[in-house]
Amino acid sequence: MGILSGLFHSRDKPTNATSGSSYRFFLGGSTSGKAVTERSAMQMTAVYSCVRILAEAIAGLPLHLYTYKDDGGKEKAIGHPLYLLLHDEPNPEMSSFVFRETLMTHLLLWGNAYAQIIRNGKGEVVALYPLMPNRMTVDRDSSGQLFYSYQMNNTDAPTMKTGTVILKPSDVLHIPGLGFDGLVGYSPIAMAKNAIGLAIATEEYGAKFFANGATPGGLLEYPGTVKDPDRVRESWNKGFSGSQNAGKVAILEEGMKYTPISIAPEQAQFLETRKFQINEIARIFRVPPHMVGDLEKSSFSNIEQQSLEFVKYTLDPWVVRWEQSLSRALFTPEEKKRYFFKFNVEGLLRGDYQSRMNGYATARQNGWMSANDIRELENLDRIPAEEGGDLYLINGNMLPLVHAGAFADIDSGKEESESDEPTEEILEVEKSGRRRTGSKGP
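Residues numbered from 1 in each chain as written. Predicted model: local features only at pLDDT ≥ 70, side-chain atom pairs only at ≥ 80, totals over all residues. Heavy atoms only, no water.

Undergrad: I'm lost on helix α5 (residues 96-110) in this one. Help?
TA: Taking 1.5 Å of rise per residue, the 15 residues of α5 would be expected to cover 21 Å, and the 21 Å separating its terminal C-alpha atoms lies within 8% of that figure. The buried fraction of α5 amounts to 11 of the 15 residues, a majority that puts the element mostly inside the structure. Listed in full, the buried residues belonging to α5 are Ser-96, Phe-99, Arg-100, Leu-103, Met-104, Thr-105, His-106, Leu-107, Leu-108, Leu-109 and Trp-110. Gly-111 sits one or two positions beyond α5 and adopts a positive phi of about 85°. (Helix = DSSP H or I, 4+ residues; strand = E, 2+ residues; numbered from the N terminus. Expected span 1.5 Å × (residues − 1). Buried < 20%, exposed > 50% of the residue type's maximum accessible area, 1.4 Å probe, protein only.)

Undergrad: What exactly am I supposed to notice about the packing of helix α3 (residues 45-60) against helix α10 (residues 303-330) here?
TA: How two helices pack is summed up by the angle between their axes together with the distance between the axes. Two elements in contact, α3 and α10, have axes whose closest approach is 11 Å; the angle formed by their N-to-C orientations is 60°. Taken as axis vectors, α3 and α10 run oblique relative to one another. With respect to the hand of their crossing, α3 and α10 are arranged in right-handed fashion. Of the residues in α10, those in contact with Ile-53, Leu-54, Ala-57 and Ile-58 of α3 are Phe-310, Thr-314, Leu-315, Trp-318, Val-319 and Trp-322. Across the contact of α3 with α10, the residue classes break down as nine nonpolar, one polar and no charged. (Axes fitted to C-alpha atoms, helices over the stretch in contact; angles between N-to-C directions. Parallel < 35°, antiparallel > 145°, perpendicular 65-115°, else oblique. Left-handed = near helix turned anticlockwise from the far one by under 90°. Contact = heavy atoms within 4.5 Å. Nonpolar A, V, L, I, M, F, W, Y, C, P; charged D, E, K, R; others polar.)

Undergrad: Explanation requested: the sheet that holds strand β10 (residues 172-176) in the structure shown.
TA: Neighbouring strands of a sheet are bound in pairs by backbone hydrogen bonds; such pairs are parallel or else antiparallel. Taken in spatial order, the three strands line up as β6-β5-β10 in an open sheet, and their pairing is antiparallel. Strands at the two margins of the open sheet, each flanked by one partner only, are β6 (125-131) and β10. The sheet shows a mean angle of 25° between the axes of neighbouring strands, direction not considered. When strand β5 (residues 112-119) meets β10, the two strands line up antiparallel, connected through five bridges. Counterpart to Tyr-114 in the pairing with β10 is His-174. Taken strand by strand, α5 contacts β5, β6 and β10, and its axis lies near 140° from that of β5. Contacting β5, β6 and β10, α10 crosses the sheet at an angle of about 155° to β10. (Pairing = 2+ DSSP bridges.)

Undergrad: Can you walk me through the side chain of Ser-327 in this structure?
TA: Tracing the chain through its elements places Ser-327 in helix α10. Among the polar contacts made by the side chain of Ser-327, one reaches the main-chain carbonyl oxygen of Glu-323 at a distance of 3.1 Å. Here Ser-327 is in contact with Lys-336, Phe-340 and Phe-341, once residues within four sequence places are set aside. (Polar contact = N/O pair within 3.5 Å; in protein donor to acceptor, adjacent residues only side chain to side chain.)

Undergrad: Could you clarify how one ought to interpret the packing of aromatic side chains in this entry?
TA: Geometry of an aromatic ring pair is reported as the spacing of the ring centres plus the angle between the planes. On inspection of all chains with the given rule, the structure shows seven aromatic pairs. Aromatic pair Phe-331 and Tyr-339: ring centres 6.2 Å apart, planes at 35°, arrangement tilted. In terms of burial, Phe-331 and Tyr-339 fall into one category: buried. On the numbers, 5.0 Å between centres and 10° between planes, the contact of Phe-331 with Phe-341 is stacked. You can see Phe-331 sitting in the loop between α10 and β13 (339-343) and its partner Phe-341 sitting in strand β13, a full 10 residues away along the chain. Sitting over the face of the ring of Tyr-66, Lys-74 holds its NZ or CZ atom 5.7 Å from the ring centroid. (Phe/Tyr/Trp six-rings, centres within 6.5 Å; stacked < 30°, edge-to-face > 60°. Lys NZ or Arg CZ within 6 Å of the ring centre and 35° of its normal.)

Undergrad: Explain the packing of α3 against α5 to me, please; I cannot follow it from the model alone.
TA: Contact geometry for α3 and α5: axes closest at 8 Å, N-to-C directions at 140°. Relative to α5, α3 is oriented oblique. For the crossing formed where α3 meets α5, the hand is right-handed. Across the interface between the two elements, Val-51, Leu-54, Ala-55, Glu-56, Ile-58, Ala-59 and Gly-60 from α3 touch Phe-97, Arg-100, Glu-101, Met-104, Thr-105, Leu-108 and Leu-109 from α5. Class assignment for the residues of the contact of α3 with α5 results in nine nonpolar, two polar and three charged.

Undergrad: Just checking my understanding: could you explain the sheet that holds strand β4 (residues 74-76) for this structure?
TA: Strand order in the open sheet formed by three strands is β4-β3-β13, and the pairing between neighbours is antiparallel. With partners counted over all chains shown, the strands left at the sheet margins are β4 and β13, one partner each. On average, each strand axis in the sheet is inclined to that of its neighbour by 40°, with strand direction left out of account. Sheet topology note: the strand β3 (residues 63-68)/β13 ladder contains five bridges and is antiparallel. Residue Tyr-66 lies in a different strand from β13, and its bridge partner there is Phe-340. Of the strands in this sheet, β3 and β13 are in contact with α10, which crosses β13 at around 155°.

Undergrad: Please explain the pairing of β3 as it appears in this structure.
TA: Successive side chains on a regular strand alternate, one facing one side of the sheet and the next facing the other. Of all six residues in β3, five are buried; the element is thus mostly enclosed. Strand direction decides the pairing type here: β3 and β4, joined by three bridges, are antiparallel. Bridge pairing links Thr-67 to Glu-75 in β4. Between the antiparallel neighbours β3 and β4 lie five residues, among them Gly-72 with a positive phi of about 95°.

Undergrad: What should I look at first to understand the pattern of salt bridges in this one?
TA: For the coordinates displayed, the defined rule picks out four salt bridges. Residue Glu-280 pairs with Arg-283 through a salt bridge whose shortest N-O separation is 2.3 Å. Here Arg-283 and Glu-280 lie together in helix α9 (residues 270-285), a separation of three residues that amounts to about one turn. The partner of Lys-337 in a salt bridge is Glu-334, and the shortest N-O contact between them spans 3.9 Å. By relative accessible area, Glu-334 is classed as partly exposed at 49%. (Salt bridge = Lys/Arg side-chain N within 4 Å of Asp/Glu carboxyl O.)

Undergrad: Even after reading the chapter, I still don't get the confidence of the model for the chain, so can you show me in this structure?
TA: Where the model shows low pLDDT, its predicted coordinates should not be examined in detail. Per-chain confidence: the chain averages 76 in pLDDT, with 64% of residues scoring 70 or above. In the predicted structure, residues 412-417 sits below a pLDDT of 50 and forms one contact with residues beyond four places in sequence or in another chain. Every residue in residues 436-442 is under pLDDT 50, and counting partners more than four places away or in other chains gives three contacts. (pLDDT = per-residue confidence, 0-100.)

Take a look at the structure:
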């Protein structure tokens, strides 16, 4: 026990994605010279688009609480208090969609999502409130137990004083992203700060380029001595700088000469750089480029496949994180044996109308889907059971192998007679066969 305790305490203390001193190195300035934080990154359209796509996708998926049945099946546990909490309203201030959208946004930007668990006197969960991840720190006490330190401010509770609140693991719903210690996740924004910084710098360059009248900067040369250079510069900028002055004809007096010194945007591959950075950011969040508006490599033949891959390779890992974190934090040890959370992604995996109908027809004809199973997937009313809505049917020409062919009942007949003599049926078949082939028997 002493050896295990020593190994346990030798682990590095978990550090939050933004509050830990060892992590500050990753945030802030990038090689492009632009400061990159979780909030400033959202001003980049590609980042905003990727975060919004993933957050709204997770928030829009139906989330149900199920219980295992005695026969091995499952059914919705509508009577459980957590069903209403996660499916409809986690707290009196927000809907389930807004709650999940907020936590998913935190998860994508900071790498962690936190929510305070409010329990009643019986220990039952009665509410969930989001907590800002940049004010949360995960640490261990002297006995090695985890605890959460949350920095309060006036926006959290105007009637309370600012300060640090210590929360137990049982009071926090924590969904960690990809990390190095399995306890806290690292911010994708911080890890990709150079790529995002370059995108911000490229966008800012384009904005300034057009703000200056789409005219490169340059030098005003004067053969004599300029007594008031600031006045000359201000006069030039006032008359010819800015997009509203683009295209104006400049008049130079007294031998003044204008010499541009900046390279043209096409020489700096301005447009190509912007396009590449959009794909780079989409790659960070594993979002198909066509979902952020880049249709260059998409077509009618592959865009549906890309959408299915988005569900399988992008959404599914996030869904598993959510499901397992919810079960770990909200269920008692006994409930974990009986209940589980499940996001329904079937709606996103459905193809077009014709593909769905062909699939339903195959399932119906082969007997593993009933009419009501199909109607439930299509959000249609059920057919009453007495009218055949729950029947499982197969095609009439499909028979078990033992019932097929002319000799289907021969073996059973032999067992009953316990005789090796050929039956009249076999003799008749042999005679008819000789008549068809013209052969003569013995």
